[in-house]
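Overview (structure and organization)
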Amino acid sequence: MTDTSAPANPGPDGGAPSPASLRVLGQYVKDLSFENPGHAPAQTQPNIDLGIDVGAAPHVDGNGMFEVSLKLSARAVSGETTLFITELDYAGLFQLQNVTEKQIEPMLLIECPRLLFPFARRIIAEITREGGFPPLLIDPVDFVQLYQAQYRKAAERAAGAEAGS
């Protein structure tokens, strides 16, 4: 017996379906800020408040291109003294091909930031070192967990909005 049915999503040559792909077209610093309000040697280990935010938007050119932004912020405080404040908005331009609607959001909010993170981490380490402090080495981030937490918060807000109507 032979199967003569055509594949559901034929590739460009009419054969097997093309696999989903993610291309990095570019990455860049969108915004970088470092404030050193009063450099004083810390007598104790400072408290560091770290913030991480991920955003994605379609690029104006279309063609499956998206800009993904990874925002890292850190504030180091020792006692009542703010040692430094730094904020980085690091972005990448990505192109998705042969990706289903269901796969787009996880790819943009998990896989793309995962690719950007090592570069953003290095920039934060260098800028804090250049500011006269030991380099701030941010621990690896579990972007799956971050995505799931954001998804749960959005679902809770939607449920709260429905209950309030």
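Reading guide: rules and limits
Residues numbered from 1 in each chain as written. Predicted model: local features only at pLDDT ≥ 70, side-chain atom pairs only at ≥ 80, totals over all residues. Heavy atoms only, no water. Helix = DSSP H or I, 4+ residues; strand = E, 2+ residues; numbered from the N terminus. Core = buried A, V, L, I, M, F, W, Y, C linked by side-chain atoms within 4.5 Å. Buried < 20%, exposed > 50% of the residue type's maximum accessible area, 1.4 Å probe, protein only. Contact = heavy atoms within 4.5 Å. Phe/Tyr/Trp six-rings, centres within 6.5 Å; stacked < 30°, edge-to-face > 60°. Salt bridge = Lys/Arg side-chain N within 4 Å of Asp/Glu carboxyl O. Expected span 1.5 Å × (residues − 1). Bend = angle between axes of the 7 residues up to and from the residue. Pairing = 2+ DSSP bridges. Axes fitted to C-alpha atoms, helices over the stretch in contact; angles between N-to-C directions. Lys, Arg positive; Asp, Glu negative; His and termini not counted.

For N98, which is not a glycine, the phi torsion comes out positive at approximately 55°. The residue N98 is located in the loop between β4 (81–97) and α1 (101–130) in this model.

Residues V68, L70, F84, L96 and L108 are the most contacted members of the largest nonpolar core, which totals 30 residues. For this core, the elements supplying multiple residues, two or more each, are β3 (65–78), β4, α1 and α2 (143–164). No other element matches the eleven residues that α1 contributes to this core. Setting aside residues no more than four positions away along its own chain, F84 makes contact with F34, E35, P37, A74, R75, A76, T128, F133 and L136.

The next point concerns the packing of aromatic side chains. Counted by the stated rule, this structure contains four aromatic pairs. Both rings, one in F84 and one in F133, keep their centres 5.0 Å apart while their planes meet at 50°; by these two values the pair is tilted. Of this pair, F84 sits in strand β4 while F133 is found in the loop between α1 and α2, placing the two residues 49 residues apart along the sequence. The same class applies to F84 as to F133, namely buried. Ring pairs connect the aromatic residues F34, F84 and F133, which therefore count as one cluster.

So, on to the pattern of salt bridges. Per the counting criterion, the structure on display carries four salt bridges. The closest approach of N and O atoms between K30 and E67, which form a salt bridge, is 3.1 Å. Of this pair, K30 sits in strand β1 (residues 21–35) while E67 sits in strand β3; the two residues are 37 residues apart in sequence, bridging distant segments of the chain. On the basis of relative accessibility, which here comes to 44%, the residue K30 falls in the partly exposed class. Using a relative accessible area of 22% as the deciding quantity, one classes E67 as partly exposed. The residue R129 makes a salt bridge to E130 at a minimum N-O spacing of 3.2 Å.

Our next topic: α1. Look at α1: 43 Å from first C-alpha to last across 30 residues, which is about the 44 Å you get at 1.5 Å a residue. For α1, the principal kink sits at M107 and spans about 45°. Looking one or two residues past α1, G132 carries a phi angle of roughly 95°, positive in sign.

What follows deals with the sheet that holds β4. Ordered in space as β1-β4-β3-β2, the four strands form an open sheet in which the pairing is antiparallel. Sheet topology places β1 and β2 (47–58) at the edges, where each strand pairs with a single neighbour. With direction set aside, neighbouring strand axes in the sheet form an average angle of 15°. Note that β2 and β3 share twelve bridges and pair antiparallel.

Looking at the secondary structure, you find L115 in helix α1. With a relative accessible area of 39%, L115 lands in the partly exposed category. Residues L115 and G92 lie 23 residues apart in sequence; the distance between their C-alpha atoms is 9.0 Å. With near-sequence residues (within four places) excluded, L115 lies in contact with L22, V24 and F94.

On to the side chain of D89. Relative to the elements of secondary structure, D89 occurs in strand β4. Buried charged residue D89 carries no salt bridge. Nearest counter-charge: K71, at 4.2 Å. Discounting chain neighbours no more than four positions away, the residues touching D89 are Y28, V29, K30, D31, S69, L70 and K71.

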